[in-house]
There are 2 protein chains.
Amino acid sequence: MLAPKEVVKTPPTSSPSVFDLQNIRHAIFQAEQGLKEQGVPIGAALVRNDGVVIGVGRNRRVQQKSATRHGETDCLECIGRLPASVYKDCTMYTTLSPCTMCSGAMILFGIKRCVMGENETFLGGEGILQSHGVEVVNLNLDSCKKLMNEFIERYPDVWNEDIGEEDK
Amino acid sequence: MLAPKEVVKTPPTSSPSVFDLQNIRHAIFQAEQGLKEQGVPIGAALVRNDGVVIGVGRNRRVQQKSATRHGETDCLECIGRLPASVYKDCTMYTTLSPCTMCSGAMILFGIKRCVMGENETFLGGEGILQSHGVEVVNLNLDSCKKLMNEFIERYPDVWNEDIGEEDK
């Protein structure tokens with residue numbers, strides 16, 4: 001059920017930057033809040049290259065009965081309309097490897113970097129990102145894996161629904 | 001500003017099916033409603049293979065100050081949560097070539113067919129769709145091109161913002 005949809009898998013970054021480790025915390029907070037709401041624990045933060053947090057978001061499948069509010073799209077949606085130049089100067093931080101929809105959203109708006117917490121529990125559209133010139137960094141964080149593993153074990157059906165899978 | 005982001009461009013379908021010409025009308029109605037609201041005139045409809053319309057949607061950038069509510073994502077979002085099997089038995093009708101975000105959303109949920117009104121005024125993620133096994137059909141309809149051309153001429157800045165472009 002959790003089979004990767006892409007062949008490419010980003011290896012963990014050997015020496016993650018202090019900047020990235022600082023900023024992924026905004027996304028992790030969102031994911032933790034999601035778990036407290038019995039939601040899919042995936043968070044995101046759009047951070048400008050000078051460290052300003054433009055916005056944050058989390059998966060709202062359960063909370064809002066939403067099909068398209070993943071961590072990254074909820075983040076983009078909560079921010080609202082922006083001129084193109086703002087996106088181009090930002091990194092998207094997300095606790096989990098971004099799905100194909102969220103990868104496509106980043107490409108659409110010209111976001112040039114994506115930093116993820118991990119890609120072990122799910123492998124999304126990393127190949128699409130990389131083939132469109134987006135820099136992809138995998139921090140390989142145990143804290144992010146723990147959140148997802150706890151959720152998947154407790155609510156496997158909700159997780160499968162979130163990624164378009166279904167037990168027969 | 002409207003330069004294609006993909007090399008692949010789907011040629012018009014020489015003999016579109018009655019079924020597809022019937023169902024694209026649901027999406028065109030949505031686009032026309034959008035134009036009346038001074039919104040980006042792009043509509044979508046998710047239609048089950050037996051002709052049942054599962055849901056409809058339209059771009060809400062202007063109406064809701066939304067960054068991620070394109071025709072297709074608004075359609076998926078208005079429908080709400082669905083088990084995976086429903087998507088897999090559906091075609092997404094959209095008045096315009098779907099952007100990379102919307103293409104990624106279709107791939108995520110396993111939608112197997114995408115029928116568009118046209119791809120002359122904008123060329124989106126068709127290459128991504130096709131490389132993931134999605135059947136792509138271009139009806140090449142003048143009515144859809146007219147809606148977009150009217151809007152782009154009247155509100156070029158809004159259109160550029162919708163596709164992550166910006167005049168310097």
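Conventions we followed
- Think of each chain on its own: its residues are numbered from 1, step by step along the sequence as written.
- Chain letters and ligand numbers both follow the written order, the letters beginning at A and the numbers at 1.
- Residues qualify for local features only when their pLDDT is at least 70, as the model is predicted, and side-chain atom pairs are given and counted only at 80 or more; totals for whole chains, interfaces and linings, by contrast, use all residues.
- Side-chain metrics in this entry use all non-hydrogen atoms of the structure; hydrogen atoms and water are not considered.
- UniProt positions are given in the numbering used here, feature names are shortened, and annotations may be inferred rather than shown by experiment.
- Secondary structure elements follow DSSP: runs of H or I no shorter than four residues count as helices, runs of E no shorter than two count as strands, and numbering proceeds from the N terminus.
- Here the term buried applies to any residue with accessible area under 20% of the maximum for its type, exposed to any over 50%, and partly exposed to those in between, with areas from a 1.4 Å probe on protein chains only.
- Each polar contact in these results corresponds to two N or O atoms within 3.5 Å; when the atoms are within protein, one needs to be able to donate a hydrogen and the other to accept it, and residues that are neighboring in sequence are counted only if both atoms are side-chain atoms.
- Any two residues whose heavy atoms approach within 4.5 Å are treated as being in contact.
- Computed with a 1.4 Å rolling probe, the buried area is the accessible surface lost when two parts are put together, summed over both parts.
- Salt bridge, as used here: a side-chain nitrogen of Lys or Arg that lies within 4 Å of a carboxyl oxygen of Asp or Glu.
- Three classes are used, and their members are as follows: Ala, Val, Leu, Ile, Met, Phe, Trp, Tyr, Cys and Pro are nonpolar, Asp, Glu, Lys and Arg are charged, and the others, Gly among them, are polar.

## Some words on the UniProt feature "domain: CMP/dCMP-type deaminase" (unreviewed entry) in chain A
Inference 1: The sites that UniProt annotates as "domain: CMP/dCMP-type deaminase" (unreviewed entry) are residues 18–136 of chain A.
Inference 2: Regarding residues 18–136 of chain A, the helix share stands at 45% and the strand share at 19%, and the terminal C-alpha atoms are separated by 16 Å.

## Topic: the environment of B:Lys146
Inference 1: Its location among the elements puts B:Lys146 in helix α7 (residues 142–154).
Inference 2: In the structure, B:Lys146 is positioned 62 residues away from B:Ala84 in sequence and 35 Å away in space, judged by C-alpha atoms.

## Details of the side chain of A:Ser103
All names here are of chain A.
Inference 1: For Ser103, the location among the structural elements is in helix α5 (residues 100–109).
Inference 2: On the basis of relative accessible area, Ser103 is assigned to the buried category, the value being 0%.
Inference 3: For Ser103, the side chain forms a polar contact with the main-chain oxygen of Pro98, separated by 3.4 Å.
Inference 4: Those residues in contact with Ser103, other than ones at most four positions away along the chain, are Pro98, Gly125, Glu126 and Leu129.

## Some remarks on the interface of chain B and chain A
Inference 1: At the junction of the two partners, chain B supplies 39 residues and chain A supplies 39 residues.
Inference 2: Here chain B meets chain A over a buried area of about 3200 Å², counting both sides, of which 56% is carbon and sulfur.
Inference 3: On the chain B side of the contact with chain A, B:Glu77, B:Arg81 and B:Leu108 bury the most area, a combined 23% of that side's loss.
Inference 4: Applying the counting rule to chain B against chain A returns two salt bridges.
Inference 5: Residue A:Glu161 is joined to B:Arg81 by a salt bridge in which the shortest nitrogen-to-oxygen separation is 2.6 Å.
Inference 6: Where chain B meets chain A, there are 20 residue pairs in polar contact (both at pLDDT 80 or more).
Inference 7: The set of elements that each furnish at least two residues to the side of chain B that touches chain A consists of α2 (61–64), α3 (71–79), α4 (84–88), α5 (100–109) and α8 (156–162) of chain B.
Inference 8: In terms of residues, the side of chain B that touches chain A owes the most to one element, α5(B), which gives seven residues.
Inference 9: Class assignment for the residues of the side of chain B that touches chain A results in 16 nonpolar, 10 polar and 13 charged.

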